[in-house]
2 protein chains.
Amino acid sequence: MSDDHDHHAYAPSRIRALPSWLLGRAAARGHRLVADALAAEGMRMMHHAVLSAVAELGPVSQAELGRTLGIDPKDIVAIVNDLQKDGLVTRTPDPKDRRKNAIEISSAGEHRLRRTEKLGDEANERLTADLTPAEREQLIALLTRIALPR
Amino acid sequence: MSDDHDHHAYAPSRIRALPSWLLGRAAARGHRLVADALAAEGMRMMHHAVLSAVAELGPVSQAELGRTLGIDPKDIVAIVNDLQKDGLVTRTPDPKDRRKNAIEISSAGEHRLRRTEKLGDEANERLTADLTPAEREQLIALLTRIALPR
DNA sequence: CAAAACCGTTGGGGGCGCCAATGGTTTCTG
DNA sequence: CAGAAACCATTGGCGCCCCCAACGGTTTTG
């Protein structure tokens, strides 16, 4: 039986079946959940992503951060500015290549990262709460093949 | 020197495995593909979506359009303005409820919609080109369960 | 050693999602 | 049946994400 006669029931518009539309809606919900969670630590999604990448890649240039995360160099500048201002990363001129900055995580950054990683993971669990672990893995696998750079 | 050149082997950042991150990247690519395709007809994604919804829902109020598509009423106003200016939809005061506008598609709108639907579908095929039809259906099913409103 | 490639930085811009407020209209309710 | 509450379209404003162009300084290449 149709339980939703009274409530417009989301007409099955052709739009709603398009991957591009669904991706946009799902991404919006994911961003909302994660952003709200990270806000508890005064962090934003991009800041958390960059901080995490810095932690993994050790001393790394801003250009490489942009490349590995697919973020515009211009935006990297602003993000690293913020992270540095909060003492979460250090920005040192690279003596080997004076064009580059060597970005490194600080101990305060590591502490902050531990908390934001937890918050981010929890938000992602909420995002995929309706999925079984297997389905979650499947979604990740499919998205990885679609989210190709370029 | 040889290691440094290695084409950004996409470090396995923890970030990159998060659904929320993958969704953002995949959505960005989808939007890029669709937007570029629709630009050939001078349309944008939201305009196409609204036009499609209007075609399906017959005479419909702006509030309901916003509800079924999950778009803010404020944005609906701007979009309907554009569509009306281009003669793709008509906006008539609803005699039954003078608060509402009855939005209806015009013949020019139907013609435009036929072309943009084709372009949008093609862009979505390009987006999911690396997936088998079965995988594509699976992705749509999974996304539908994740993209829940609110 | 000049040209090309790369780096960080600045400036600009489009698109999307969200919230607050307002005047007009309809519906609910006491 | 009158006042309150809910709804509608509209205006205005905010923040985040994604992308491009240009420039001075540095390194690599031919």
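Look a little higher up for the structure.
Scope of this entry: the structure provided in the associated data block.

How each quantity is defined
Residues numbered from 1 in each chain as written. Chains lettered and ligands numbered in written order. Predicted model: local features only at pLDDT ≥ 70, side-chain atom pairs only at ≥ 80, totals over all residues. Heavy atoms only, no water. Buried < 20%, exposed > 50% of the residue type's maximum accessible area, 1.4 Å probe, protein only. Helix = DSSP H or I, 4+ residues; strand = E, 2+ residues; numbered from the N terminus. Contact = heavy atoms within 4.5 Å. Core = buried A, V, L, I, M, F, W, Y, C linked by side-chain atoms within 4.5 Å. Near = heavy atom within 4 Å. Polar contact = N/O pair within 3.5 Å; in protein donor to acceptor, adjacent residues only side chain to side chain. Nonpolar A, V, L, I, M, F, W, Y, C, P; charged D, E, K, R; others polar. Buried area = accessible area lost by both parts, 1.4 Å probe. Salt bridge = Lys/Arg side-chain N within 4 Å of Asp/Glu carboxyl O. Least-squares fit on C-alpha atoms with pLDDT ≥ 70 in both.

1. Here we look at helix α3 (residues 62–69) of chain A
Next, step 1: Within α3(A), the full set of buried residues consists of Gln62(A), Leu65(A), Gly66(A), Thr68(A) and Leu69(A).
Next, step 2: In this structure, the buried side of α3(A) is in contact with α2 (45–57), α4 (73–85), β1 (89–93) and β2 (101–105) of chain A together with α1 (19–39) of chain B.
Next, step 3: At the exit of α3(A) stands Gly70(A), carrying a positive phi of roughly 70 degrees.

2. Points about the environment of Ala147(B)
Next, step 1: Here Ala147(B) lies in the segment after α6 (133–146).
Next, step 2: Each residue touching Ala147(B), except ones within four places of it in the same chain, is listed here: Leu22(A), Arg25(A) and Ala26(A).

3. Considerations on the nonpolar core
Next, step 1: Membership of the largest hydrophobic core comes to 82 residues, with the highest contact counts inside it found for Val50(A) and Val50(B).
Next, step 2: Filtering out sequence-adjacent residues up to four positions away, Val50(A) remains in contact with Leu65(A), Leu69(A), Ile71(A), Ile76(A), Ile79(A) and Leu83(A).

4. A closer look at the protein's contact with DNA strand C
Next, step 1: The local shell around DNA strand C holds 23 residues, among which Arg32(A), Ala63(A), Arg67(A), Lys74(A) and Arg91(A) are the closest.
Next, step 2: In the environment of DNA strand C, a phosphate oxygen lies 2.9 Å from a nitrogen or oxygen atom belonging to the side chain of Gln62(A).
Next, step 3: One nitrogen or oxygen atom from the side chain of Arg91(A) is found 2.8 Å from a phosphate oxygen belonging to DNA strand C.
Next, step 4: Those elements that place two or more of their residues in the surface near DNA strand C are α3 and α4 of chain A together with α2 (45–57) and α4 (73–85) of chain B.
Next, step 5: Class assignment of the residues belonging to the surface near DNA strand C gives a composition of 5 nonpolar, 4 polar and 14 charged.

5. A closer look at the interface of chain A and chain B
Next, step 1: If you look at the interface, chain A gives 56 residues, while chain B gives 56 residues.
Next, step 2: Regarding the contact of chain A and chain B, the summed buried area is about 5600 Å², with carbon and sulfur atoms giving 64% of it.
Next, step 3: On the chain A side of the interface with chain B, the three residues burying the most area are Arg14(A), Trp21(A) and Ile146(A), jointly 11% of the side's total.
Next, step 4: Here chain A and chain B share 6 salt bridges between them.
Next, step 5: Put simply, Arg14(B) and Glu117(A) hold a salt bridge, and the shortest N to O gap is 3.3 Å.
Next, step 6: Summed over the shared surface of chain A and chain B, the number is 18 residue pairs in polar contact (both at pLDDT 80 or more).
Next, step 7: Mapped by element, the contributors of at least two residues to the side of chain A that touches chain B are α1 (19–39), α2, α3, α5 (107–127) and α6 (133–146) of chain A.
Next, step 8: Ranked by residue count, the leading element in the side of chain A that touches chain B is α1(A), at 13 residues.
Next, step 9: Residue composition of the side of chain A that touches chain B, by class: 29 nonpolar, 13 polar and 14 charged.

6. Side note on the relation of the copies chain A and chain B
Next, step 1: Note on the copies: chain A fits chain B at an RMSD of 0.1 Å, the axial shift is 0.0 Å, and the rotation between them is 180 degrees. On the angle and the small slide along the axis, the relation comes out as a two-fold axis.
Next, step 2: A shared binding surface is used by both copies, with 98% of the interface residues of chain A retained as interface residues in chain B.

7. Digging into the protein's contact with DNA strand D
Next, step 1: Residues in close proximity to DNA strand D total 23 residues, the closest being Arg98(A), Arg32(B), Gln62(B), Ala63(B) and Lys74(B).
Next, step 2: At 2.9 Å, a side-chain N or O of Arg67(B) approaches a phosphate oxygen of DNA strand D.
Next, step 3: Looking at the surface near DNA strand D, the elements that each hand over two or more residues are α2 and α4 of chain A together with α1, α3 (62–69) and α4 of chain B.

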